[in-house]
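# Descriptive analysis of the structure
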Number of protein chains: 2
Amino acid sequence: MSILVVGSVAFDALQTPFGKIDRCIGGSATYFSVAASFFSPVDLVAVVGDDFTEQDASVFKGRNINLDGLQKVPGERTFFWSGEYGYDLNVAKTRDTQLNVFAGFKPKLNERQRSADVLFLANIDPDLQMDVLKQTKRPRLVALDTMNYWITSKKDALAKIFSEVDLIIINEAEVRQFMGDSNLVQAARAILSLGAKTLVIKRGEYGVIMITKDSIFAAPAYPLENVFDPTGAGDTFAGGLLGYLASRREITDRELRRAIVFGSVLASFTVEKFSLDRLREISLREIQERYQDFRALTHFDDAE
Amino acid sequence: MSILVVGSVAFDALQTPFGKIDRCIGGSATYFSVAASFFSPVDLVAVVGDDFTEQDASVFKGRNINLDGLQKVPGERTFFWSGEYGYDLNVAKTRDTQLNVFAGFKPKLNERQRSADVLFLANIDPDLQMDVLKQTKRPRLVALDTMNYWITSKKDALAKIFSEVDLIIINEAEVRQFMGDSNLVQAARAILSLGAKTLVIKRGEYGVIMITKDSIFAAPAYPLENVFDPTGAGDTFAGGLLGYLASRREITDRELRRAIVFGSVLASFTVEKFSLDRLREISLREIQERYQDFRALTHFDDAE
């Protein structure tokens with residue numbers, strides 16, 4: 001079953017305590033697509049400038065990713081983000097953002113894309129998310145990501161798109177910020193009352209908590225001895241999560257839990273190297289092995 | 001099998017966003033004993049002043065807690081702590097600490113106490129922890145708690161007692177502080193290399209992670225819609241953990257995981273009301289039910 005992602009393809013400049021890179025491939029849709037493509041065919045909708053080379057596009061090659069929707073605009077430059085991390089790798093400090101060609105991003109879906117089975121609206125303007133959603137023939141599952149910037153600047157538009165989707169992926173602090181409630185569970189339930197069925201709350205190095213009407217599921221992050229670069233972890237997580245769900249016939253609580261673990265597994269690989277370097281070299285077998293490691297990490301026996 | 005705890009019995013004054021209380025029972029050994037006594041008989045060693053009434057002592061009544069070691073010093077006042085929490089309930093702000101009778105605490109164990117099967121050295125001066133340990137006939141399991149204050153002021157003494165115990169219960173930030181390493185797993189392994197077999201790292205609302213030579217286990221905190229007062233959560237956790245272990249014939253990875261979940265269950269009750277109010281009213285059956293809730297919260301199926 002196909003999965004459509006609408007988001008950014010970008011160049012990043014990164015500095016962490018462990019190294020520095022001046023130009024590497026990044027962007028929400030990039031991490032998402034590569035992660036999701038381990039499980040399901042992906043349709044990528046994004047825009048780049050003519051500085052985006054064949055070499056850059058090779059990140060998508062040999063994977064089940066359709067690039068018909070990757071528009072290249074002559075005379076424009078690709079979205080650029082420069083960020084820095086201290087020893088607390090949970091917090092990125094933005095040094096520079098150049099929207100470039102992304103400033104005029106206004107996707108028009110083709111017939112194939114409109115019929116996607118699963119839709120992921122990466123972190124973009126909520127009005128644009130709504131515009132894309134309206135072009136589709138109501139996918140089986142619609143999910144979105146967002147950020148604090150949109151909560152501050154476009155809260156009404158965000159509340160509206162929240163009410164139209166099935167699954168919201170969001171940071172813990174953003175849940176509290178959106179509802180003005182310090183209790184996470186209460187704030188999550190208030191967001192769900194707007195219409196979505198599932199809230200997937202990202203907690204950085206502490207993992208993920210999923211809240212639905214009937215169930216709560218908590219998964220830790222995989223404890224790594226070497227976290228190198230956290231950029232893209234959230235989008236990779238979303239890609240693993242939705243890629244896995246798109247491959248399943250039914251979306252049950254059981255499948256949602258598995259999907260969250262697959263997303264966490266993929267994200268744990270992403271942070272081991274710069275950019276998509278680690279994601280590009282892993283196999284489905286390594287993913288499955290780490291899935292088993294997650295079971296060993298979290299499971300315990302019944303009391304006697 | 002009996003468990004011996006050496007720590008504080010205190011009066012607390014507490015203020016949280018949800019209420020205020022000027023005098024209630026507190027102290028590490030108090031929370032620990034009541035929690036542990038659900039599973040194993042407890043020997044309490046602590047000191048109070050003559051302001052500690054029969055009414056105050058009723059918190060231990062009807063439970064399997066031996067008070068031979070609760071020394072009452074005439075003319076002295078009981079240890080007093082006053083603390084305040086904002087909406088971020090993870091951080092307590094100390095308003096006042098009066099050590100009172102606790103300043104001269106120098107426990108002498110009786111024959112029975114020296115033969116304890118399990119020993120818990122609550123958060124006190126590491127030299128005092130060592131002194132108590134040396135009085136015992138090497139219990140089957142020795143565990144301790146500590147705090148940032150001792151890392152700053154008595155690091156060598158702390159390193160020494162770390163090398164003598166089996167299990168260390170410690171906060172996440174303290175693990176990093178002790179080793180000067182921002183990576184938790186690396187820092188934990190470095191502490192284990194001093195001699196203890198098991199490190200149980202408390203992460204507040206994010207739960208617990210246990211690291212041994214061969215295994216890592218992560219358990220979330222129970223997601224509560226109403227957290228009222230976090231005071232005593234850590235000591236309650238330790239009580240549930242060690243009380244459960246003391247009741248088991250063997251201390252295996254499997255039992256350690258169960259013990260961590262029982263500790264988390266007990267702690268999740270403690271924070272629902274002021275002081276030990278909630279802990280005093282629950283039954284073993286409610287504890288077992290919440291243990292099952294923890295399985296529902298964390299478990300997921302094998303991939304197909």
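Residues numbered from 1 in each chain as written. Chains lettered and ligands numbered in written order. Predicted model: local features only at pLDDT ≥ 70, side-chain atom pairs only at ≥ 80, totals over all residues.

### Describing the overall build of chain A
For chain A, the helix and strand inventory stands at 12 helices and 13 strands. Rg of the C-alpha trace for chain A: 18 Å, near the compact-globule value of 19 Å for 304 residues, within the 12% margin. Taken over the C-alpha atoms alone, chain A extends approximately 65 × 40 × 35 Å along its principal axes. Split into buried and exposed, the 304 residues of chain A put 49% on the buried side. Counting only contacts in chain A whose residues sit at least 6 apart along the sequence, the fraction spanning at least 24 positions is 66%. (Helix = DSSP H or I, 4+ residues; strand = E, 2+ residues; numbered from the N terminus. Rg over C-alpha atoms; globule rule 2.2 N^0.38 Å. Buried ≥ 20, exposed ≤ 12 C-beta atoms within 10 Å, placed from the backbone. Contact = placed C-beta atoms within 7 Å.)

### Brief notes about the relation of the copies chain B and chain A
Both copies of the chain are placed relative to one another by a rotation about an axis and a shift along it. Relative to chain A, chain B is turned by 180 degrees and slid 0.0 Å along the rotation axis, the superposed coordinates differing by an RMSD of 0.0 Å. Each copy turns onto its partner about a two-fold axis. An overlap of 100% is found between the interface residues of chain B and their copies at the interface of chain A, pointing to a shared contact surface. (Least-squares fit on C-alpha atoms with pLDDT ≥ 70 in both.)

### A look at the interface of chain B and chain A
Taken together, the contacts link 30 residues of chain B with 30 residues of chain A. Broken down by secondary-structure element, the contributors of at least two residues to the side of chain B that touches chain A are α8 (184-192), β13 (216-219), α10 (253-270) and α12 (284-298) of chain B. Here the residues of the side of chain B that touches chain A sort into 17 nonpolar, 6 polar and 7 charged. (Nonpolar A, V, L, I, M, F, W, Y, C, P; charged D, E, K, R; others polar.)

### Here we look at the nonpolar core
Ranked by size, the top nonpolar core spans 205 residues in total, and within it A:Val5, A:Phe120, A:Ile168, B:Val5, B:Phe120 and B:Ile168 carry the most contacts. Setting aside its immediate chain neighbours within four residues, A:Ile168 contacts A:Leu144, A:Phe162, A:Ile191, A:Ala196, A:Leu199 and A:Val200. (Core = buried A, V, L, I, M, F, W, Y, C linked by C-beta atoms within 7 Å.)

### Observations regarding the confidence of the model for chain A
On average, residues of chain A score 96 in pLDDT, and 100% of them reach the 70 mark or higher. Predicted complex metrics record ipTM = 0.93 and pTM = 0.95. (pLDDT = per-residue confidence, 0-100.)

### Let's talk about the sheet that holds strand β7 (residues 92-98) of chain B
Residues and elements named next belong to chain B. Across the sheet, which stays open at both edges, the 4 strands sit in the order β3-β2-β6-β7 with mixed pairing between neighbours. Taken across any chain shown, the strands that pair with only one partner, and hence form the sheet edges, are β3 (19-26) and β7. On average, adjacent strands in this sheet sit at an angle of 15 degrees to one another, irrespective of strand direction. Pairing of strand β2 (residues 10-16) with β3, which is carried by 6 bridges, proceeds in the antiparallel orientation. Note on β3: the bridge partner recorded for Asp-12 is Cys-24. (Pairing = 2+ DSSP bridges. Axes fitted to C-alpha atoms, helices over the stretch in contact; angles between N-to-C directions.)

### Some words on the pairing of strand β13 (residues 216-219) of chain A
Two elements, strand β12 (residues 208-212) of chain A and β13(A), share 4 bridges in a ladder whose sense is antiparallel. Residue pairing for β13(A): A:Val208 is matched across the bridge by A:Ala219.

### What to know about α12(B)
Helix length check: α12(B) (15 residues) gives 21 Å between terminal C-alpha atoms against 21 Å at 1.5 Å per residue, within 8%. Burial in α12(B) covers these residues: B:Ile287, B:Phe294, B:Leu297 and B:Thr298. In a view along the axis of α12(B), the buried residues occupy a sector of 75 degrees, so they form one face of it. α12(B) presents B:Arg285, B:Glu289, B:Gln292 and B:Ala296 as exposed residues on the side facing more than 90 degrees away from its buried surface. Taken together, the buried residues of α12(B) touch β13 and α12 (284-298) of chain A together with β13 and α10 of chain B. (Expected span 1.5 Å × (residues − 1). Arc of directions from axis to C-beta.)

### Focus: the sheet that holds strand β9 (residues 141-145) of chain A
All names here are of chain A. Reading across the sheet, the 9 strands line up as β5-β4-β1-β8-β9-β10-β11-β12-β13 and stay open at both edges, with mixed pairing between neighbours. Of all strands in the sheet, those bounded by a partner on one side alone are β5 (65-73) and β13. Going across the sheet, the axis of each strand differs from the next one's by a mean of 15 degrees, ignoring polarity. Taken strand by strand, helix α1 (residues 28-36) contacts β1 (3-6), β4 (42-49), β5 and β8 (118-121), and its axis lies near 155 degrees from that of β4. Against the sheet, helix α9 (residues 233-246) engages β1, β8, β9, β10 (167-171) and β11 (198-202), with an angle of about 170 degrees to β8.

### Looking at the environment of A:Thr298
With respect to the helices and strands, A:Thr298 occurs in helix α12. Accessibility expressed as a C-beta count within 10 Å gives 22 for A:Thr298, which makes it buried. Taking the C-alpha atoms as reference points, A:Thr298 and A:Gly75, 223 residues apart in sequence, are found 51 Å from one another. If we skip the residues at most four places from it in the chain, A:Thr298 touches A:Ala219, A:Pro220, B:Ala218 and B:Thr298.

### Here's the deal with unusual backbone geometry
Here A:Ser275, not a glycine, exhibits a phi torsion of approximately 55 degrees, which is positive. Turning to its location among the elements, A:Ser275 is positioned in the loop between α10 (253-270) and α11 (277-281). You can call A:Ser275 buried: it has 22 C-beta atoms within 10 Å. A positive phi angle, close to 50 degrees, is found at B:Asn100, a residue other than glycine. Position of B:Asn100 relative to the elements: it lies in the loop between β7 and α3 (111-114). The exposure class of B:Asn100 is partly exposed, given the 19 C-beta atoms found within 10 Å.

### Some remarks on the environment of A:Phe300
Take A:Phe300: it is sitting in the segment after α12. Note on A:Phe300: 21 C-beta atoms within 10 Å, which makes it buried.

### Focus on the packing of helix α4 (residues 126-135) of chain A against helix α6 (residues 155-162) of chain A
When two helices pack together, their arrangement is given by the angle between their axes and by how far apart the axes lie. Residue and element names in this part refer to chain A. The interhelical angle for the contact between α4 and α6, taken along N-to-C directions, is 30 degrees, at an axis separation of 8 Å. For the element pair α4 / α6, the angle class is roughly parallel. Where α4 crosses over α6, the handedness of that crossing is left-handed. Between α4, through Pro-126, Asp-127, Gln-129 and Met-130, and α6, the contact on the second element is made entirely by Ala-157, Leu-158, Lys-160 and Ile-161. Considering only residue class, the contact of α4 with α6 consists of 5 nonpolar, 1 polar and 2 charged. (Parallel < 35°, antiparallel > 145°, perpendicular 65-115°, else oblique. Left-handed = near helix turned anticlockwise from the far one by under 90°.)

### Some points on the pairing of β1(A)
Regular strands place their side chains on alternate faces of the sheet. Residues and elements named next belong to chain A. Side chains of β1 alternate between two faces, with Ile-3 and Val-5 and Leu-4 and Val-6 buried alike. Two strands pair when backbone bridges link them, and β1 and β8 are joined in this way by 4 bridges, in the parallel orientation. Looking across to β8, one finds that Val-6 is bridged to Leu-121. Relative to β4, β1 is paired through 4 bridges, and the arrangement is parallel. Its bridge partner being in β4, Ile-3 is matched across the sheet by Val-42.

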